[in-house]
Amino acid sequence: AALHDLGKAVPGYQKKYGPPWLRAELEKADLSLIKGSGKAFDKQFPHGTVSTWALSDLLRQMLGLDKGFAHKIAVALGGHHGSWPPPGATDRLMPHGQAWDDVRRDLFWEVQAVFHPPQSVSPPADKTGLNTFLTIISGLVSVADWLGSRNKECFGFVEQAMPTRQYAARAAQKARESLQDLGWLGWQPTGQTLPFADAFAYLNFKEPHDLQDQAITAAQHLKSPTLLILEAPTGIGKTETALYLADTWLQQQAGRGLYVAMPTQATSNQMYERIGNFLNHRYPEQERPLNFHLVHGQAAWQDKLKERVELQNIGDDKTARVQAESWFTPRKRTLLAPFGVGTVDQTLMSILQTRHFFVRLFGLSHKVVIFDEVHAYDTFMSTLFERLLAWLNAIGTSVIILSATLPAETRRKLVKAYTDRDLPDTPAAYPSLTIAAPDSDPKIIELPKPDDVTLRLSWEVGREPQEMLAYLQSELAQGGCAAVICNTVRRAQDIYRVLDEARRDGALDIPEDDLILFHARFPPVWRQEIEHKVLDKFGKPDKDKPNRRPRKAIVVATQVIEQSLDLDFDLMLTDLAPVDLIIQRAGRLHRHRRDERYGHTRRLVITEPSELDTDGLPKFDAGEYVYARYILLRSFYALKAKEEQIILPEDTTNLVEQVYGNISLLKYLSNQRLETIKTTETKMIQAEKKAKNKARQQLVRLPSSEALLESRQQTLEEESPESHETMRALTRDMPPSVSIICLHQLPEGVFLEPNSDSKMIDLNEEPSYELAKELAQHSVTVTNWPVVNHLRSQKDQWKESALLRYHKLILFKDSEYQLSKIGLTLRLTRKYGLEIKKEEE
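Residues numbered from 1 in each chain as written. Predicted model: local features only at pLDDT ≥ 70, side-chain atom pairs only at ≥ 80, totals over all residues. Heavy atoms only, no water.

**Student:** How should the overall build of the protein chain be read in this particular structure?
**Tutor:** Summing up its helical and strand segments, the protein chain has 27 helices and 22 strands in all. Per-residue burial over the protein chain gives 57% buried out of 841 residues. As displayed, the protein chain has an accessible area near 36,000 Å², and 49% of this comes from carbon and sulfur atoms. (Helix = DSSP H or I, 4+ residues; strand = E, 2+ residues; numbered from the N terminus. Buried < 20%, exposed > 50% of the residue type's maximum accessible area, 1.4 Å probe, protein only. Areas by Shrake-Rupley, 256 points an atom, 1.4 Å probe, with all protein chains shown as cover.)

**Student:** Before we go on, may I ask you to explain the nonpolar core in this structure?
**Tutor:** When a protein is soluble and globular, its nonpolar side chains tend to lie buried together. One finds I554, V556 and I561 to be the most contacted residues of the largest nonpolar core, which totals 97 residues. Among the elements that make up this core, the one with the highest residue count is helix α22 (residues 629-640) (eight residues). Ignoring anything within four residues of it in the chain, the contact list for I561 reads A483, I485, F518, L567, F569 and R588. The next biggest cluster of nonpolar side chains, apart from the first, holds 69 residues, and it includes L227, Y259, L348 and M349. (Core = buried A, V, L, I, M, F, W, Y, C linked by side-chain atoms within 4.5 Å. Contact = heavy atoms within 4.5 Å.)

**Student:** For this particular structure, what's the right way to read helix α18 (residues 465-475)?
**Tutor:** The periodicity of an α-helix, 3.6 residues per turn, causes residues three or four places apart in sequence to face the same way. Along α18, the residues that are buried comprise P465, M468, L469, Y471 and L472. Mapping the buried residues of α18 onto a view down its axis gives an arc of 165 degrees, with all of them on the same face. Residues of α18 that are exposed and point more than 90 degrees away from the buried face comprise Q466 and S474. (Arc of directions from axis to C-beta.)

**Student:** How should the sheet that holds strand β15 (residues 645-648) be read in this particular structure?
**Tutor:** Remark on secondary structure: sheet strands pair via backbone hydrogen bonds, oriented parallel or antiparallel. Reading across from one edge, β11-β12-β10-β13-β14-β9-β15 is the order of the seven strands in this open sheet, with mixed pairing throughout. Two strands bound the open sheet, and with one partner strand each, they are β11 (515-518) and β15. Taken over all neighbouring pairs, the strand axes of this sheet differ in orientation by 20 degrees on average, direction set aside. Where strand β10 (residues 480-485) and strand β12 (residues 552-557) come together, six bridges link them in parallel fashion. Looking at the pairing, C481 lines up with A553 of β12. Strand contacts of helix α21 (residues 579-586): β9 (453-458), β10, β13 (571-575), β14 (603-607) and β15, with the helix running at about 160 degrees to β13, the strand carrying the most contacts. (Pairing = 2+ DSSP bridges. Axes fitted to C-alpha atoms, helices over the stretch in contact; angles between N-to-C directions.)

**Student:** I would appreciate a short explanation of the environment of L406 in the present structure.
**Tutor:** Among the secondary structure elements, L406 is positioned in the loop between β6 (398-403) and α17 (408-419). Judged by relative accessible area, L406 falls into the buried class, the value being 6%. Each C-alpha atom, one on L406 and one on A232, is 9.5 Å from the other, the two residues being 174 residues apart in sequence. Each residue touching L406, except ones within four places of it in the same chain, is listed here: I229, E231, V374, R411, L414, V656 and E657.

**Student:** What is the right way to read the packing of helix α3 (residues 47-63) against helix α4 (residues 67-78) from this model?
**Tutor:** How two helices pack is summed up by the angle between their axes together with the distance between the axes. Two elements in contact, α3 and α4, have axes separated by 8 Å at closest approach and are oriented at 155 degrees. Here α3 is positioned roughly antiparallel relative to α4, judged by the angle of their axes. You can see that α3 and α4 cross each other, and the crossing is right-handed. From α3, G48, T49, T52, L55, S56, L59 and R60 reach across to α4, where they touch K67, A70, H71, I73, A74, V75, L77 and G78. Per-class residue counts for the contact of α3 with α4 are seven nonpolar, six polar and two charged. (Parallel < 35°, antiparallel > 145°, perpendicular 65-115°, else oblique. Left-handed = near helix turned anticlockwise from the far one by under 90°. Nonpolar A, V, L, I, M, F, W, Y, C, P; charged D, E, K, R; others polar.)

**Student:** Which parts of the structure should I look at to understand the packing of aromatic side chains?
**Tutor:** Aromatic ring pairs are reported here in terms of the distance separating the ring centres and the angle at which the planes meet. What the rule picks out here adds up to 20 aromatic pairs. When the ring of F196 is compared with that of F200, the centres are 4.9 Å apart and the planes differ by 50 degrees; the resulting orientation is tilted. The class for F196 is buried, based on a relative accessible area of 5%. A centroid spacing of 5.5 Å and a plane angle of 65 degrees characterise the contact between F196 and Y244, whose relative ring orientation is edge-to-face. Note that F196 is positioned in helix α8 (residues 196-199) and Y244 in helix α10 (residues 238-253), a separation of 48 residues in sequence. (Phe/Tyr/Trp six-rings, centres within 6.5 Å; stacked < 30°, edge-to-face > 60°.)

**Student:** Could you clarify how one ought to interpret the pairing of strand β16 (residues 738-746) in this entry?
**Tutor:** Looking along a regular strand, one sees side chains alternate from face to face of the sheet. Counting buried positions along β16 yields eight of nine residues, so the element is predominantly enclosed. In the sheet, β16 pairs with strand β18 (residues 779-782) via four bridges, with the strands oriented antiparallel. The residue of β18 that forms the bridge with V738 is V782. The pairing of β16 with strand β19 (residues 808-812) spans five bridges and is parallel. Residue I740 lies in a different strand from β19, and its bridge partner there is K808.

Structure, rendered in C-alpha cells:
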C-alpha cells in the first residue's frame with residue numbers, strides 16, 4: 001500500500017506539479033523532465049498507471065513474487081483513484097532514463113526496509129480468494145490514500161530531510177491522529193455478548209417471544225459468512241431479532257460493524273433513530289463516540305460529524321480531488337464507518353462498474369448487513385441484489401434478510417446467489433427462518449405462528465377523489481384516523497387538494513393540522529418535519545409523553561408509509577398494488593393496542609378500477625399505477641376471490657404464491673380469462689429481459705471470474721449526469737432523474753425558504769461545507785422526463801462542491817418556476833411539495 005504512488009516518480013507528474021526549485025534540483029540529479037517523449041513525459045498520463053507499470057517488475061524482482069501475481073497486485077495498486085488500469089494501458093510506456101529507474105528502485109528499497117514484507121508470497125489458490133484479496137486491497141489503498149491526503153495537518157511537508165525509519169515513526173503517529181479525528185478509532189468488538197433482555201432493556205423487553213427465541217437459538221452460534229432469511233408478519237419484532245443476532249455475531253467473530261439497508265429514504269430516517277437507540281444502550285461506555293451515520297441521497301445534512309474534509313494532492317487534476325472529497329460526505333462515509341443505516345442503493349453500487357466500487361466492497365467486508373423489507377424490491381433490483389449477495393459472501397460478510405412476504409422462487413434465488421447451493425424445493429411454512437451457513441446445506445426452519453387476525457376487504461369506493469371524500473366524510477363522522485395510500489405523488493396531491501378544499505369549505509370536519517400530505521417530493525427539511533408529525537400523531541404510544549393522537553385525522557400518502565414506519569391507523573383506503581405490498585400496507589391497520597377505535601373494525605378499503613379494457617379486464621391508468629399490469633391483474637383476482645376478508649398470517653403464503661407463483665394457482669378463473677391474463681405477462685417479461693441485459697453489462701464480474709481485473713471497467717463516476725442512465729439509475733428500474741436545489745427569489749435577494757426571515761444566499765460565492773449541507777437539505781429529485789431533459793442543459797452552479805456539483809439550481813418566484821419551452825410549470829409550496837403542472841393547469 002505504501003508503494004501505490006511510486007508512479008509519481010516520473011517526468012510527466014513532476015513536470016506538472018513540481019515547483020521551480022524542485023525541477024531545478026531534479027535536472028541537477030540527471031532526472032530530466034524534458035529529454036524524452038512518450039507517455040512517461042505526458043503531464044496528463046495517470047500516475048497510478050505508471051505505478052502499475054513499475055511495480056509489475058519491482059514486486060517480482062525485489063520480493064520474489066510470481067510474475068502474474070506481481071502484475072495483479074500492481075494493477076490493484078494502480079487503481080487507487082477509482083478504476084483499475086485497463087489491459088494495454090501500460091503499453092508503450094517508453095524508457096525515460098536509468099536515473100528515474102534507479103529512483104523508483106531506491107524508493108522501493110526504502111519502503112521495504114521499513115516494513116520488512118515476507119518474500120515469495122504465494123497468491124490464494126482459488127480464483128474467488130484471489131479476486132477478493134485484490135478487490136479489498138484496492139479499496140483499502142484508496143481509503144488510506146484519501147485519509148492521508150485529507151488536510152495539510154495529517155502528514156504535511158517536511159522541510160528538513162530525516163532518515164526513512166524516523167519519518168515512518170512520525171507518519172504512523174500522524175496516521176493515528178488522523179484516524180482518531182475522523183472517528184475511525186472508536187468501537188471495537190470485545191467478545192462480550194448480552195442476553196436478549198439486557199440488550200433491549202431500554203424497550204422494557206423481558207424475554208424474546210417464541211418466534212424470536214427459536215430464531216435466535218437456531219442462528220446465534222453460526223459461523224461467518226452466513227445468510228439468514230427471516231419471514232414473518234409486520235410488527236412481530238423482526239428488526240430486534242436481526243439486531244440481536246448481528247450484534248452477537250460481531251462479538252463472537254470480531255466483525256467490523258453493521259450496515260442496515262432500507263428500501264427508501266423515509267424508512268432509513270426512522271430506522272436510523274431505532275439503531276441509534278440500540279447502539280447507545282449497547283455501548284454506553286465507549287471512550288469515543290460511536291462512528292454511526294445515516295446514508296442516502298438526502299442524508300448529508302443529517303450527519304453528526306461536522307468537520308470539513310479538505311483533500312490535498314489527490315489524483316492528477318482538481319476533478320480527482322473533488323471526486324475523492326465526495327467520498328467523505330456522510331452518505332458514502334457510512335459504508336466505511338463501523339455502523340450505518342441507509343438505502344439499499346448504497347450497497348448495490350458496490351457491484352456496478354462505477355469508480356471506487358471496490359471502496360464500497362471494502363467498507364462492507366466482514367460486517368453484518370441487514371436488508372429490511374426485501375419484498376419491496378422489484379425484479380430489476382433483485383438482479384443486482386443477487387450479484388451483491390455473491391460478493392458479500394466472498395468478502396466474509398454475513399447477511400440477514402427480513403421480509404413480511406417473500407415468494408418461494410425469490411427465496412431459492414437468494415440462497416443460490418449467496419452460497420451457490422440449492423435450497424430444497426419444498427413448501428415453506430410461514431413464518432420461517434432460512435439458514436445458509438458455510439458448513440451445512442441450506443435449510444428452512446418453521447417458526448411459531450402468531451395469532452391469526454381477520455382483515456376485512458372492501459371494494460365499495462371508486463377511484464375518483466370526490467367519491468373518496470364522500471366515503472371519508474361518512475366513515476369518520478364519529479371519529480377515527482384514516483390513511484389514504486396512493487401509488488403516485490400526483491394522485492396523492494390531487495386527492496389531498498379535494499379533501500383540503502372540503503375542509504376549508506366546512507364540508508370535512510377535520511382540523512387543518514390533522515389533514516396531512518406525505519410524499520417524497522418535498523425538500524428533505526420539510527419532509528422531515530412531516531415525518532416527525534406523522535410519527536408523533538400516529539406512532540406507538542410512549543409512556544414518557546402524552547398521547548398526541550387526534551380524534552379525527554387523515555393522512556394522504558404515497559408508498560412512504562407502507563414500509564418500516566411504525567404507524568397505526570383506524571381505517572385505510574388504498575390504490576390497488578401488488579398483493580405483497582397490499583399486505584404490507586394493511587400492517588399499518590390497528591397495529592398498536594388502543595382502547596378507542598370509534599367503531600372501526602380492521603378494514604382495508606381498496607379503490608376498484610372503474611374501467612374495463614377491450615378484454616373485459618380491469619384497466620390500469622399508466623399515470624396512476626406504477627406496477628406491472630400482469631402482477632396487478634393477478635393481485636386483483638387473488639384478493640377478489642377471498643370474499644371480503646383474509647386471515648393473516650394464515651393466508652399470506654397462499655396469496656403471495658397466487659400472484660408470483662404458477663398462474664395455475666388462480667384455478668378459480670376461467671381458462672379464457674387465464675389465457676388473457678397470460679398475454680399481459682409477455683410485455684412484462686420483455687421489459688424485464690431488456691432491463692436485466694442492460695444491468696448485466698454494468699455489473700462487476702462474479703468473484704470467481706477468471707479475469708476480474710482485465711474486465712471492461714467504467715470510468716464514470718456514479719453521480720455524474722453522464723453515468724446516470726447507465727449506472728446510477730440501475731439500482732432502481734426507474735427513469736433518469738435530476739436533483740434540483742430549490743431556492744426562492746424575493747425582492748430582497750435569494751433565500752433558502754420562501755420568506756425573507758430565512759438565510760440569504762450569495763450565488764456568487766462557493767458555499768462552505770455547512771452551507772452546502774443546508775442547500776442539500778432544500779433539494780428535490782425529479783423524474784419527469786421533459787423536466788429532466790430540459791434541466792440537463794443548465795449550467796452547473798457548484799462544480800467545486802463535493803455535495804452539490806451534480807445538482808441543478810432553480811429560483812422560485814412566488815412559488816413558481818416557468819418552463820415555457822416545454823409547456824410546464826414547477827410549483828413548490830409547503831402544503832403540496834413540488835407539483836409539475838402543464839401550463840393550462
